[in-house]
Amino acid sequence: VEAEMEEQIRKLNAEYGFNLSEDEIKLIVQQAEKTERLLRPLNELDLIDVMPILKVEKKKVKK
Amino acid sequence: MKPIDIEAMTIGAVSRQIRGKELSPVELTDLFLQRIKKLNPVLNAYVTVTEERARADAKGAEKEISRGRYRGPLHGIPFSIKDNLVTEGIRTTAGSKVLAEWVPDHDATVVERLRKAGAIILGKANMHEWASGGTTINPYYGTTRNPWDLNRVPGGSSGGSASAVAATLCLGSIGTDNAGSVRNPASFCGTVGLKATYGRVSRFGDVPGTGGFSSDHFGIFSKSISDCATTLQAIAGHDPRDPLSSEHPVGHFSRHIAKSVKGLKFGVLSGYFEDKVATEVKTAIDEAVRLLHSLGMKRVEFSIPHMDLIPAVQTVTSRVENVVHLMPHMKSRPNDFSRPLLHRLIGSLMIPASTYVTAQRVRRTICEEFEKAFDKLDVIVTPTTPITAPTIDECKEGFVEIDGKKIALQPAGVSLGTTFTVPFNVTGLPAVSLCCGFSSSGLPIGLQIVGGNFEESRVFQVAHAYEQAARWFEKRPESPKNGGVR
């Protein structure tokens, strides 16, 4: 995963012209890994029949 | 004429004087401009002061009122606007270097509505770079300081707005709240800070890239709950220019504000807040809960099964929705972003699309869980922030000491200061922060009161009852002096 992330960042660096140093690339990889760990539990939920919220719908109001 | 105690002013009190022609909008505007001149060099709450236009608008207001054309309670009232709401003919930077010279050709709907109500815009308030942080330590426009302690941050990202209202450099301010950016600085500066239900207030005219389109809200800073209700009345309602604004009817937010809260139920969420709060904050919240109980409200413990997933949902939603807007700037002017922000934005580009969709499915589950909870509750109460305002040095180091333990201010996902506010960006529920006491070092502590969808009136009713019983608004910060700055 780490290698994939690093490759992705290097691609973005070249495409966008960020001029990232090696230390910065390592730092972003570390941050991205932390985020990935935070997000992992989202995929462990059973979401069959649950539609994504595309707008926070507010039709229902408590009587 | 009676001597004017500017620090005691509220919109409610001043508007009565303006209506009765006891106070002139021109005189009032001059008073505030003088105060800004004196205190803004210390606080750095404003990035732009629109002195000439404010004076011209005040003269116009005075003329109208003298001819009997009083527009309502905001006529002649001085406001500031966070610098990520577009303002016609006034530079709008979003706290960024990229937009340092940008002068928009139109007003945000909220600004337009405030002007229509007769408010006088004194200028633009400082903010965190691109609204992407909670300190208002801005590398391009300087650090905004907290009027209660000049060595501390005001919170953020709407730190300039909170500092300006707390120090009476205006009587109201409009900010934005993507993760708590109104409520967090309101808590740190001891002001009222509201984000209404998602869609209640138009977001037309926000600077793209300063919040996720489904998590960001415009919000209000004021000195009292009643002032907040008055301001919301002027800015709420459907706007055809914002496709995500709601068509839900706007009621009278102040009508039931003074009604008894006896018999209403307030929910205390178990399993999310207790272990994350500094002792002094916990003590103040416990005291606030006791006071609500003494007013005749009933306490109900409840839980939200997927509460633990909220930081992940918020992180995905706001980062992905936000970075999309900034990609063109990142490509054309990467060196005009601070490096820490650029690093974070690059990280946002690496979140998979499938994770975004999954987060929106989890989000629906969480929204439904809150809706179910509100079947048995009128409001929820929580701390607004787990800590009081950290020092500028602590923010730069990235750590704060809580009860003897060193805690990271910016762990993965949501920052420490927004732990308790993000659930209501994810759900879109209306939430207000108001002062519920002070720490031993004299720093304000915030209480958050949350309502069901479009139940702002209920939020105001409970918050007003608490505010009037606790009377923390009587305590004011001392006028800042240069000597206090290290």
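This text follows the structure it describes.
Described in the following lines is the structure provided in the data block. (Residues numbered from 1 in each chain as written. Chains lettered and ligands numbered in written order. Predicted model: local features only at pLDDT ≥ 70, side-chain atom pairs only at ≥ 80, totals over all residues. Heavy atoms only, no water.)

### Structural notes on the overall build of chain B
At step 1: Each helix and strand counted, chain B has 14 helices and 15 strands in total.
At step 2: Each of the three principal axes of chain B carries a C-alpha extent, and together these read 60 × 60 × 50 Å.
At step 3: Side-chain charges in chain B split into 57 positive and 49 negative, and the spacing between the mean points of these groups amounts to 2 Å. (Helix = DSSP H or I, 4+ residues; strand = E, 2+ residues; numbered from the N terminus. Lys, Arg positive; Asp, Glu negative; His and termini not counted. Charge placed at Lys NZ, Arg CZ, Asp CG, Glu CD.)

### Describing the sheet that holds strand 3 (residues 120-125) of chain B
Residues and elements named next belong to chain B.
At step 1: The sheet built from eleven strands is open, its strands ordered 1-3-2-6-8-7-14-15-11-9-10 with mixed pairing. With one partner strand each, in any of the chains shown, strand 1 (46-49) and strand 10 (298-302) form the two edges of the open sheet. Taking the axes of each pair of neighbouring strands and ignoring which way they run, one obtains an average angle of 30° across the sheet.
At step 2: Running at roughly 155° to strand 6 (residues 172-177), helix 5 (residues 159-166) makes contact with strand 1, strand 2 (78-82), strand 3, strand 6 and strand 8 (217-222) of the sheet. (Pairing = 2+ DSSP bridges. Axes fitted to C-alpha atoms, helices over the stretch in contact; angles between N-to-C directions. Contact = heavy atoms within 4.5 Å.)

### A word on the pairing of strand 14 (residues 431-438) of chain B
All names here are of chain B.
At step 1: Summarising burial for strand 14: eight of the eight residues are buried, a large majority.
At step 2: Strand direction decides the pairing type here: strand 7 (residues 192-195) and strand 14, joined by three bridges, are antiparallel. Bridge assignment links G193 to a residue of strand 14, and that residue is S433.
At step 3: Sheet topology places strand 14 next to strand 15 (residues 444-451); six bridges connect them, and they run antiparallel. Its bridge partner lying in strand 15, L434 is registered against L447.
At step 4: In this antiparallel pair of consecutive strands, strand 14 and strand 15, the connection spans five residues, and G442 shows a positive phi of 80°. (Buried < 20%, exposed > 50% of the residue type's maximum accessible area, 1.4 Å probe, protein only.)

### Quick look at the interface of chain B and chain A
By a frequent convention, interface size equals the accessible area lost on bringing the separate parts together.
At step 1: With 51 residues of chain B at the contact, the number on the chain A side is 37 residues.
At step 2: Taken together, the two surfaces of chain B and chain A that pack against each other cover about 3,900 Å², and 65% of this comes from carbon and sulfur.
At step 3: Area buried by chain B at its contact with chain A is led by M350(B), R361(B) and R364(B), which between them contribute 18% of it.
At step 4: Applying the counting criterion to the chain B and chain A interface returns two salt bridges.
At step 5: A salt bridge links R339(B) to E24(A); the shortest N-O distance between them is 2.8 Å. (Buried area = accessible area lost by both parts, 1.4 Å probe. Salt bridge = Lys/Arg side-chain N within 4 Å of Asp/Glu carboxyl O.)

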